Amino acid sequence: MKDIQKLRTKIDKIDQELLSLIEKRVDLVREIGKIKKELDLPVKDNMRENIIIEQLIEKIENSQIDPKAIEQIWKTIFATSYKIEE
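Residues numbered from 1 in each chain as written. Predicted model: local features only at pLDDT ≥ 70, side-chain atom pairs only at ≥ 80, totals over all residues. Heavy atoms only, no water.

**Q** Could you clarify how one ought to interpret the overall build of the protein chain in this entry?
**A** Tallying secondary structure elements over the protein chain gives three helices and zero strands in all. If you list the helices and strands of the protein chain from N to C, you get α-α-α. Taken over the C-alpha trace, the protein chain has a radius of gyration of 16 Å; the compact-globule value for 86 residues is 12 Å, which it surpasses by more than 25%. When its C-alpha atoms are laid out on the principal axes, the protein chain stretches across 55 × 25 × 15 Å. Considering the protein chain as a whole, with its 86 residues, one finds that 14% of them fall into the buried category. The contacts of the protein chain with a sequence gap of at least 6 include a subset with a gap of at least 24, amounting to 65%. Counting every atom, the protein chain has about 7600 Å² of accessible surface; 57% of that belongs to carbon and sulfur. Measuring between centres, the 17 positive side-chain charges of the protein chain sit 5 Å from its 18 negative side-chain charges. (Helix = DSSP H or I, 4+ residues; strand = E, 2+ residues; numbered from the N terminus. Rg over C-alpha atoms; globule rule 2.2 N^0.38 Å. Buried < 20%, exposed > 50% of the residue type's maximum accessible area, 1.4 Å probe, protein only. Contact = heavy atoms within 4.5 Å. Areas by Shrake-Rupley, 256 points an atom, 1.4 Å probe, with all protein chains shown as cover. Lys, Arg positive; Asp, Glu negative; His and termini not counted. Charge placed at Lys NZ, Arg CZ, Asp CG, Glu CD.)

If you want it as structure tokens, here you go:
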């Protein structure tokens, strides 16, 4: 049971790091949203989205992570980012 708690503590720390990185990403997304409005650019960029997902999936090719899970996670991140940009 102690091993589980140690592992959960490590996971909790990683979760906090992920949250911090997401907050940093949101700050950048807000800046990009302002620029896109100034330049009258569309919020959504399907081609960039697909390229990013493909690159991420390539990086986990020899991993135990399911590529569909990565795609789903990033699609959620993108959808949230688009809402912020608007």
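**Q** Can you help me understand unusual backbone geometry in this one?
**A** Peptide bonds are mostly trans, and most non-glycine residues show a negative phi. With a phi close to 55°, D40 is a non-glycine residue in the positive phi region. Mapped onto the secondary structure, D40 falls in the loop between α1 (2-39) and α2 (46-59).

**Q** Explain α1 to me, please; I cannot follow it from the model alone.
**A** Note that an α-helix has 3.6 residues per turn; residues three or four places apart therefore point the same way. The first and last C-alpha atoms of α1 sit 55 Å apart over 38 residues, in line with the 56 Å expected at 1.5 Å per residue. By the burial criterion, the buried members of α1 are V29, G33 and K36. Contacts made by the buried residues of α1 are with α3 (67-85). At the exit of α1 stands D40, carrying a positive phi of roughly 55°. (Expected span 1.5 Å × (residues − 1).)

**Q** Is there a simple way to explain the side chain of E85 in this structure?
**A** Here E85 shows up in helix α3. A distance of 2.9 Å separates polar atoms of two side chains, one belonging to E85 and the other to K36. Setting aside residues no more than four positions away along its own chain, E85 makes contact with V29, I32, G33, K36, K37 and V43. (Polar contact = N/O pair within 3.5 Å; in protein donor to acceptor, adjacent residues only side chain to side chain.)

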